Amino acid sequence: MKLKSTFLLLSLLIGMEMFASDFKIADPKDIALRPIQNSQRNILDLSGVWKFKKDSTNIGEQEYWFKGLTDYRSIAVPGSWNEQFSDMRDYMDWVWYETETYVPSSWKGQHIFIRVNDATYAAKIWINGKPVGYHEGCHLPFAFDISSFINWDESNRIVIQVENQLSPDRVPTGNVSGGSFESFPKANYDFFPYAGLNRSVLLYSVPTDRIKDITVIPGLEEKMGLMDIVVETTDKAAKGKVIILGDDKNIEAPFKVKNGKAVVSIKIPNVRMWDLNDPFLYSVKVILGDDRDIKDQYELKTGVRTVSVDDKQILLNGKPIFLKGFGKHEDFPVLGRSSSNSLVVKDLELMKWVGANCYRTTHYPYDEENYYLADQEGFLIIGETPGVGLYFTGDKEQLDKRQAAMKRYIEEMILRDKNHPSIVMWCVANEPNEIAQLGQATIIAKEEKEQAYLEFEKLFTQVREMDKTRLVSYVGVMMGPTNWFALTDVICINRYWGWYSTPGNIEQGAKTISLEIDRLHRKFNKPVMVTEFGADAYAGFHSDQPEMFTEEYQKELIKAYLDVADSKDFVTGMLVWNFADFKTSQNLIRFGGYNLKGVFTRDRRPKMAAHYLRERWTEHKD
Ligand code: GCB
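As the structure is a prediction and not an experimental result, all values here were calculated from the model.

(A) Focus on helix H9 (residues 608-619). The terminal C-alpha atoms of H9, which comprises 12 residues, lie 17 Å apart, in line with the 16 Å expected from a rise of 1.5 Å per residue. Ala-609, Ala-610, Tyr-612, Leu-613, Arg-616 and Trp-617 are the residues of H9 that are buried. The arc enclosing the buried residues of H9, seen along the axis, measures out at 155°, which places them on a common side. Opposite the buried face of H9, by more than 90 degrees, sit the exposed residues Glu-615 and Glu-619.

(B) Representation of the pairing of strand E9 (residues 130-136) in the model. In this sheet, E9 lies alongside strand E1 (residues 24-25) in parallel orientation, the contact comprising two bridges. Considered in E9, the bridge of Ile-25 is made with Tyr-134. Relative to E9, strand E8 (residues 122-127) is paired through six bridges, and the arrangement is antiparallel. Bridge assignment links Ala-122 to a residue of E9, and that residue is Glu-136. Taking the residues that link successive antiparallel strands as the turn, the E8-E9 hairpin has two residues, and the phi of Asn-128 there is positive, at about 50°.

(C) Fine view of a nonpolar patch on the surface. A cluster of nonpolar side chains, Tyr-538, Phe-541, Phe-549 and Phe-591, forms an exposed patch at the surface whose accessible area comes to about 450 Å². Tracing the chain through its elements places Phe-549 in the loop between strand E30 (528-532) and helix H8 (551-566).

(D) Molecular detail of unusual backbone geometry. Put simply, Val-171 and Pro-172 share a cis peptide bond, and its omega is 5°. Cis rather than trans, the peptide bond between Phe-184 and Pro-185 has omega equal to -10°. Phi at Asp-247 is positive, roughly 55°, even though this residue is not glycine. Assignment of secondary structure puts Asp-247 in the loop between strand E16 (239-246) and strand E17 (249-256). Note on Asp-247: relative accessible area 29%, which makes it partly exposed. The phi angle at Asn-259 is positive, at roughly 50°, despite the residue not being glycine. Mapping Asn-259 onto the fold places it in the loop between E17 and strand E18 (261-268).

(E) The arrangement of the pairing of strand E20 (residues 293-302) in detail. Bridging between strand E19 (residues 282-290) and E20 involves nine bridges; their strand directions are antiparallel. By the bridge assignment, Ile-287 is partnered in E20 with Gln-297. Counted between consecutive antiparallel strands, the loop separating E19 from E20 contains two residues.

(F) Main features of the site of the ligand. Near the ligand lie 13 residues; those nearest to it are Asp-190, His-363, Glu-431, Tyr-500 and Lys-597. The contact in question runs from an oxygen atom of the ligand to an N or O atom on the side chain of Asp-190, over 2.5 Å. Within the contact set of the ligand, an oxygen atom lies 2.8 Å away from a side-chain nitrogen or oxygen of Asn-595. Protein chains bury 93% of the 320 Å² of accessible surface belonging to the ligand in isolation.

(G) Up close: the packing of aromatic side chains. Evaluation of the coordinates by the stated rule reveals 39 aromatic pairs. Between the aromatic rings of Trp-353 and Phe-600, the centroid separation amounts to 6.4 Å while the plane-to-plane angle is 55°, which identifies the pairing as tilted. One end of the pair, Trp-353, is in helix H3 (residues 341-353); the other, Phe-600, is in the loop between strand E33 (594-595) and H9, with 247 residues separating them in the sequence. An aromatic cluster is present here, built from Phe-392, Phe-456, Phe-460, Tyr-474, Trp-484, Phe-485 and Phe-524 joined pairwise through their rings. The ring of Trp-65 carries Lys-53 above its face, with NZ or CZ at 4.3 Å from the centroid. Between Lys-328 and the ring centre of Tyr-359, over which it is positioned, the NZ or CZ distance is 5.6 Å.

(H) Here's a closer look at the side chain of Lys-583. Of note, Lys-583 is situated in strand E32 (residues 582-583). Despite its burial, Lys-583 pairs with no opposite charge; the closest candidate is Glu-83, at 6.3 Å N-O. The residues touching Lys-583, leaving out its near neighbours within four places in the chain, are Phe-191, Phe-192, Tyr-194, Asp-331, Gly-592, Gly-593, Tyr-594 and Arg-602.

(I) Expanded view of the side chain of Asp-467. Examined against the element boundaries, Asp-467 turns out to sit in the loop between helix H6 (446-466) and strand E28 (471-476). Taking the relative accessible area as the measure of exposure, Asp-467 reaches 7% and is therefore buried. A polar atom in the side chain of Asp-467 sits 2.9 Å from the side chain of Trp-426. Residues contacting Asp-467, with those up to four places away along its chain left out, are Ile-414 and Trp-426.

Calculation rules
- Residues numbered from 1 in each chain as written.
- Predicted model: local features only at pLDDT ≥ 70, side-chain atom pairs only at ≥ 80, totals over all residues.
- Heavy atoms only, no water.
- Helix = DSSP H or I, 4+ residues; strand = E, 2+ residues; numbered from the N terminus.
- Expected span 1.5 Å × (residues − 1).
- Buried < 20%, exposed > 50% of the residue type's maximum accessible area, 1.4 Å probe, protein only.
- Arc of directions from axis to C-beta.
- Pairing = 2+ DSSP bridges.
- Patch = residues over 30% accessible without salt bridge, like charges linked within 9 Å, V, L, I, M, F, W, Y side chains within 5 Å.
- Areas by Shrake-Rupley, 256 points an atom, 1.4 Å probe, with all protein chains shown as cover.
- Salt bridge = Lys/Arg side-chain N within 4 Å of Asp/Glu carboxyl O.
- Near = heavy atom within 4 Å.
- Polar contact = N/O pair within 3.5 Å; in protein donor to acceptor, adjacent residues only side chain to side chain.
- Phe/Tyr/Trp six-rings, centres within 6.5 Å; stacked < 30°, edge-to-face > 60°.
- Lys NZ or Arg CZ within 6 Å of the ring centre and 35° of its normal.
- Lys, Arg positive; Asp, Glu negative; His and termini not counted.
- Contact = heavy atoms within 4.5 Å.

The quantities given are spatial measurements derived from coordinates; they are silent on function.
Here it is as structure tokens:
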């Protein structure tokens, strides 16, 4: 009896110790450099089939599931659990993932990290039964140093708990009372809340004295290319060099690290600019140490290009450029939101096929491979945060949490993506609003409106402080506050005249958009972009006269908007909504749980509108 109660007490204490033990919070700085393989650094990709278990009552931690799952099923990583398991399509609560791996003994003496490229939404990691770390937020990576958790010469158990509860204090928001979308699952946005380990999980090793971050800031003086290269290291007082290679150039510059940082300014005579027709990439190689003792090295590819605006246009390398393309989603049957290089390549090929030159990463940062491909292929990207469904009034505690999430997202996104020449503009948020209920902003007081503006402004300030080389904007919703455009370089608006408003009447829709953008340009004297416009079309559905939901109507509406844009010299870009049909939560306006505004079907077959755009955009090539 005594023995039994001592045992109970002991296990309670061990249990308490486990629950109380600190999960480290992920440090955004640890994701700045994408893991690579070279002679100082190694990667082990853990993609494959993992063990998986649902935990609807959140009992797993108390029952020590982190020590190994029993009664599990198998799941592909990367992958969205909602697509792999029909019985879990709408499930958003806790689940557990587990895999095992050996760590190569050649990695001994180095720092070993785990990098999760996306766990939507919150994740906890255990290695060999010990708590490692916690991260909240979707579509961006996080990493932890797990060197002290590794078992050498035996298998290591990696367990990750994930949940994707939809909540008004998270970003994107969900379960918002009075929110715009009455849908199931109750996301406050128009795409399916796919959950899980949607991107790869990696182990990687790096030297103890290492390069932590490299920021390349491009510029141009006459024909002289400029690169300010900021190198951050763990070694507070190291030395090293930067080598720029490419186009018969081999420029070397030594540096000395002070307090973990060095800035090297390099001039490239007769620089070959990164441009759409010649997306030339220089290789930037940073070596820490000297030739006899290389401590660490990292090579990345980037381009020299400038982006600016005047009152009417966006200028790439000083020349006006018209942005034509799409908003899209990471979305495909079976894959859900999980990454697939085949799909990344296919989508870019199809966008080039229709003559597009740009897309916005609606409504979250995409898998990194997208940006590397766009750099290489000469395609422009507007990089968007996961800030969709944002509002800035109401419950203060919830607002503070959303603002904290946004702050972290902006930091993570810019740290991860800052060296891509393809990204010309940051989009701080999609359709933010003063209040959760669309179109009801009149019911709030003037002070509340001002307060909402100040909160939103904080996000802009953060982006501009972190990156002075790109344009910054947000995308405005119909009936949303227009005074917020004072913060932006370009006026970006999503408009559905001829669809949600004046439905069925394309002519009226075109008149309204025309008047509206004239007014906006007059007021702000900035270039205007319509970042979303379009119509749902059920593939194969036709009519002699354009009628809503037919391919003809979609094509005609797109044509009418493009004609309006062509008639105004201050319209600097038109992005059709959407590149392809995509899955949404179920609701009354989403037939079959799909948004059908794609000019391609979900499986990437062109509708009439795609053929039309191809005719129009390949003829009108800049
Ligand atoms: C919007 C949203 C987008 C929706 C789209 C639509 O304004 O930004 O996420 O999918 O409208 O089709 O309603």
